[in-house]
Amino acid sequence: MVKKRRLRLIAEMARKIRAYRELKSRPRESQKYALDYETMKRPHTGKMLPVLAWQDVRRESRLFSLLAGMRLFGMGRLFTRKSWLEEHTEPSYWQITKVKVDYTAENMDHGRAWGILTLKGRQESEVKELDKVMYHDWRLVPKHMEQQLKDFEPLPEPPVRYVPYPPLLRAMLLAQHKKAVGSVVAEEPVLPLKRDVLLNKDYFRRQEQETQRTEGTAV
Amino acid sequence: MAASVWKRCVTAAVKVKRLSPSLSARRWMLSAAYTDTKVWEAREKDHQNLALLASTMDRTYDRNLPVSSLTVSRFVDNISSREEVDQAEYYLYKFRHSPNCWYLRDWTIHSWIRQCLKYGAREKALHTVKNKVQYGIFPDDFTFNLLIDSYIKDGDFKSACSVVEEVMLQEAFDGPSTQILSLHALASYPATRPQLTVSEERALGASLLICGLRQDNTVGLSAQLLGNALLGKVEMLEGIHAVFKGMPLFWGRGYLGRALAVMERVAAASADVKLSKDALDYVKDLLQELSSTSDSDSSGAESAGEEEEEKKKEDTKDEDDQAERAKLAQYVSRLEELSSQLESQGKVDSASFRDSVAALAQQNLAAAEKTDLERYLSRVQAWEAENRQLIGREKEMREKAEQEKRERLAARAAAQQA
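Since the structure is predicted, the reported quantities are computational estimates derived from the model, not experimental observations. (Residues numbered from 1 in each chain as written. Chains lettered and ligands numbered in written order. Predicted model: local features only at pLDDT ≥ 70, side-chain atom pairs only at ≥ 80, totals over all residues. Heavy atoms only, no water.)

1. Some remarks on the overall build of chain B
The helix and strand tally for chain B stands at 21 helices and 2 strands. Expressed as a percentage of its 418 residues, the buried residues of chain B come to 50%. Restricting to contacts in chain B with at least 6 residues of sequence separation, those with at least 24 account for 78%. By element, 51% of the accessible surface of chain B is carried by carbon and sulfur atoms, the whole surface being about 20500 Å². (Helix = DSSP H or I, 4+ residues; strand = E, 2+ residues; numbered from the N terminus. Buried < 20%, exposed > 50% of the residue type's maximum accessible area, 1.4 Å probe, protein only. Contact = heavy atoms within 4.5 Å. Areas by Shrake-Rupley, 256 points an atom, 1.4 Å probe, with all protein chains shown as cover.)

2. Digging into the interface of chain B and chain A
Counting residues at the interface gives 25 residues for chain B and 25 residues for chain A. Of the roughly 2400 Å² buried where chain B meets chain A, counting both sides, 59% is carbon and sulfur surface. In this assembly, chain B and chain A are joined by 1 salt bridge. Among the ionic pairs, B:Glu171 bridges to A:Arg77, the shortest N-O distance being 2.5 Å. For the pair chain B and chain A, the interface holds 10 residue pairs in polar contact (both at pLDDT 80 or more). When residues of the side of chain B that touches chain A are traced back to their parent elements, those giving at least two are α9 (132-135) and α15 (240-244) of chain B. Per-element accounting of the side of chain B that touches chain A gives the leading share, 3 residues, to α9(B). In terms of residue class, the side of chain B that touches chain A is made up of 13 nonpolar, 5 polar and 7 charged. (Buried area = accessible area lost by both parts, 1.4 Å probe. Salt bridge = Lys/Arg side-chain N within 4 Å of Asp/Glu carboxyl O. Polar contact = N/O pair within 3.5 Å; in protein donor to acceptor, adjacent residues only side chain to side chain. Nonpolar A, V, L, I, M, F, W, Y, C, P; charged D, E, K, R; others polar.)

3. Notes on the packing of aromatic side chains
Residue and element names in this part refer to chain B. Counted under the stated rule, the structure contains 8 aromatic pairs over all chains. Measuring from centroid to centroid gives 5.2 Å for Tyr-90 and Tyr-91, while their planes differ by 65°, and the two rings are edge-to-face. With a relative accessible area of 43%, Tyr-90 lands in the partly exposed category. In this structure Tyr-91 comes out as buried when scored by relative accessible area, which is 6%. Seen from their ring centres, Trp-102 and Tyr-103 are 5.4 Å apart, and the 80° between their planes marks the pair as edge-to-face. According to the relative accessible area criterion, Trp-102 is partly exposed, its value standing at 33%. Of the aromatic side chains, those joined through ring pairs into one cluster are Phe-75, Tyr-90 and Tyr-91. It is Lys-94 that lies over the ring of Tyr-61; its NZ or CZ is 4.7 Å from the centre. (Phe/Tyr/Trp six-rings, centres within 6.5 Å; stacked < 30°, edge-to-face > 60°. Lys NZ or Arg CZ within 6 Å of the ring centre and 35° of its normal.)

4. Side note on the pairing of strand β2 (residues 93-101) of chain A
A regular strand carries its side chains on alternate faces of the sheet. Residue and element names in this part refer to chain A. Looking at chain direction, strand β1 (residues 78-81) and β2 are connected through 2 bridges and run antiparallel. Residue pairing in the sheet places Leu-78 in a bridge with Gln-95 of β2. Alignment of β2 against strand β3 (residues 111-119), held across 8 bridges, turns out to be antiparallel. Note on β3: the bridge partner recorded for Lys-100 is Arg-112. (Pairing = 2+ DSSP bridges.)

5. Topic: unusual backbone geometry
Residue and element names in this part refer to chain A. Look at Phe-73: it is not a glycine, yet its phi comes out positive at around 50°. Relative to the helices and strands, Phe-73 is located in the loop between α4 (63-68) and β1. Among the residues examined, Phe-73 registers a relative accessible area of 2% and is labelled buried. The backbone of Met-108 sits at a positive phi, close to 50°, despite the residue not being glycine. When you line up the elements, Met-108 lands in the loop between β2 and β3. When its relative accessible area of 0% is taken as the criterion, Met-108 is described as buried.

6. Structural notes on the confidence of the model for chain B
Residues and elements named next belong to chain B. Across chain B, pLDDT averages 82, with 88% of residues at or above 70. Ignoring residues within four places in sequence, the model shows residues 6-27, a span with pLDDT below 50, making 14 contacts including any to other chains. Two numbers describe this predicted complex: its pTM, 0.80, and its ipTM, 0.81. (pLDDT = per-residue confidence, 0-100.)

7. Some details on the environment of B:Val332
All names here are of chain B. Within the secondary structure layout, Val-332 lies in helix α20 (residues 328-345). Considered as a pair, Val-332 and Gln-288 are 44 residues apart in the sequence and their alpha carbons are 7.4 Å apart. Contacts of Val-332, omitting those with residues within four sequence positions, involve Leu-287 and Ser-291.

8. Things to note about the nonpolar core
Formed by 114 residues in total, the largest nonpolar core has its most connected members in B:Trp112, B:Leu225, B:Leu249, B:Met263 and B:Phe353. Per element, the largest residue contribution to this core is 10 residues, and it comes from helix α14 (residues 218-238) of chain B. For B:Trp112, the residues in contact, after removing those within four places along its chain, are B:Val76, B:Ile79, B:Val85, B:Ala88, B:Glu89, B:Leu92, B:Lys124, B:Thr128 and B:Ile137. By size, the runner-up hydrophobic cluster in this structure holds 21 residues, among which are A:Phe73, A:Ile96, A:Leu130 and A:Leu140. (Core = buried A, V, L, I, M, F, W, Y, C linked by side-chain atoms within 4.5 Å.)

9. Description of a positive patch on the surface
Residues and elements named next belong to chain A. A contiguous patch of positive charge, built from Lys-3, Arg-5, Arg-6 and Arg-8, is present on the exposed surface. For Arg-8, the position within the fold is in the segment before α1 (9-24). You can call Arg-8 exposed: its relative accessible area is 58%. (Patch = residues over 30% accessible without salt bridge, like charges linked within 9 Å, V, L, I, M, F, W, Y side chains within 5 Å. Lys, Arg positive; Asp, Glu negative; His and termini not counted. Charge placed at Lys NZ, Arg CZ, Asp CG, Glu CD.)

10. Examining helix α11 (residues 157-169) of chain B
Residues and elements named next belong to chain B. Here α11 is 13 residues long and its end C-alpha atoms lie 18 Å apart, about the 18 Å a rise of 1.5 Å per residue gives. Burial analysis of α11 places 11 of its 13 residues in the buried class, which makes it a mostly covered element. Against the buried residues of α11 lie α8 (122-130), α9, α10 (141-153), α12 (176-188) and α13 (198-212). Following α11 by one or two positions, Glu-171 adopts a phi angle in the positive range, close to 50°. (Expected span 1.5 Å × (residues − 1).)

11. Quick look at the state of the cysteines
Residues and elements named next belong to chain B. The full count for this structure, using the stated rule, is 0 disulfides over all chains. In this structure Cys-211 is a free cysteine whose sulfur lies 11 Å from that of Cys-161, the closest cysteine sulfur available. The buried category is assigned to Cys-211, whose relative accessible area is 0%. (Disulfide = S-S within 2.5 Å.)

See the structure below:
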């Protein structure tokens, strides 16, 4: 006989209280991302920033350092990142739509922001949260340069190329099609050179499930 | 250095001033109708006891609850003495560091500046506008005009220029009246022969550039030229990062090249645009000064023979900044040919920059003021409507809270009895 597990109600309650207190004492953005500029360490975790970032941290500014000095925290303004300016020749920028400032910061230096991204000239359709807001990488686009950035027309994407399948795989595909439908397939099966699916865990799990369902030999 | 360069422009301006005393400041400033407080005072007042409001706000902050923007606006509206101005400054700071900081209303900011001007706390207003990060004061163009005008009327061009710098940092050069007033302040400031530090020069250059970009005439182009030249000087001395950090400026190198491009554009333009002579002279002197200091720097380092120090300095300076400095001689030669080209085309305006600004002001300020006043009146009405809506909403919420409280008490009493 298995001994019945004792109902430890007080431990349960203590666990809930500890979870609640941890939720309440989460560090604010200003505490998490505070930085000591002399030693390049974050006081919250004690970790040091990577060496290649030190020059940028000294020279450039965080997004919210720029937003704090702007009317309505820079809503509707465009912001670029220095790393994008160096990497891509086409203009990439974020247009800010919503800002949530961490009001406990002394200089209103931290917070979260949402906006519309335009990467390499292609504008996206939805509002997303800006990532890497706390990086010392951001530059304001002055109003007289805004039109220049927005006018850029990206080149159309080159058409997707197709190649024929390897011979064994092609034979397998044709045989499968003949078994399923009965007639010989009219056109040659082609492999697009652009992958539509994102290779992650969910995808492989789904593939395994599908192969388990279909039985029989392939050829 | 810079002061001696400006002296030459100053003597010309001073001579003109002596000749025609009527051209002195008073005539082309904002008219009395603009700075009149009648419209503002004629709003319906919401009289509240300041001490009561202050204690309410303190209690709300202690309990970590958000303070509404209506409370703050009521506080600022009901200021009646100089001490209360200081108290209001404290509450504005606290409001900025609270969750509702985004909702600070435009009319609160306008009323704060008006009250400061009324009770003689102009330096306080300037201090809050300068520390806009801490106080959240972002005035609109009408308010900026009032502030700049009050400084110009007193001849305090240094403070007027610092207000213009704030306008530049917010890129609020939208209204023509703001542009004209700022250009006047910027043109008159160097006449007082100040010793400019590099950061002050950078601010002056940036304000001149951004304000000049809005105007398409002689004044605007001369302002752009001067602005680009000043920023180019800072770029040569400190590097491009020192130029655009914290300012709404383009991060591309070559500000001096852009100054010369302005001259080229004027030379190539078919319309009747000119560049003022003292702007061109200033740019010439600036370039000569820069090339002479760079020559003396390099020769001094060689003669001292401290090669280690020179190597260390070269490591810290950026390679691209060094490439810019190498172009200095090129810029000087290009400037020579461009200025001769402009003079041959007759596109050099002999009137000083200050006088051309004055002429522009005389032409356009009256019309600009009229449109501004109309917009201001409609804006005041919109603000009043919003204010009333907020008061109504607050009343509703209070009634609802009261009702809920009464229901709760009734339920509790009923439960106790049963």
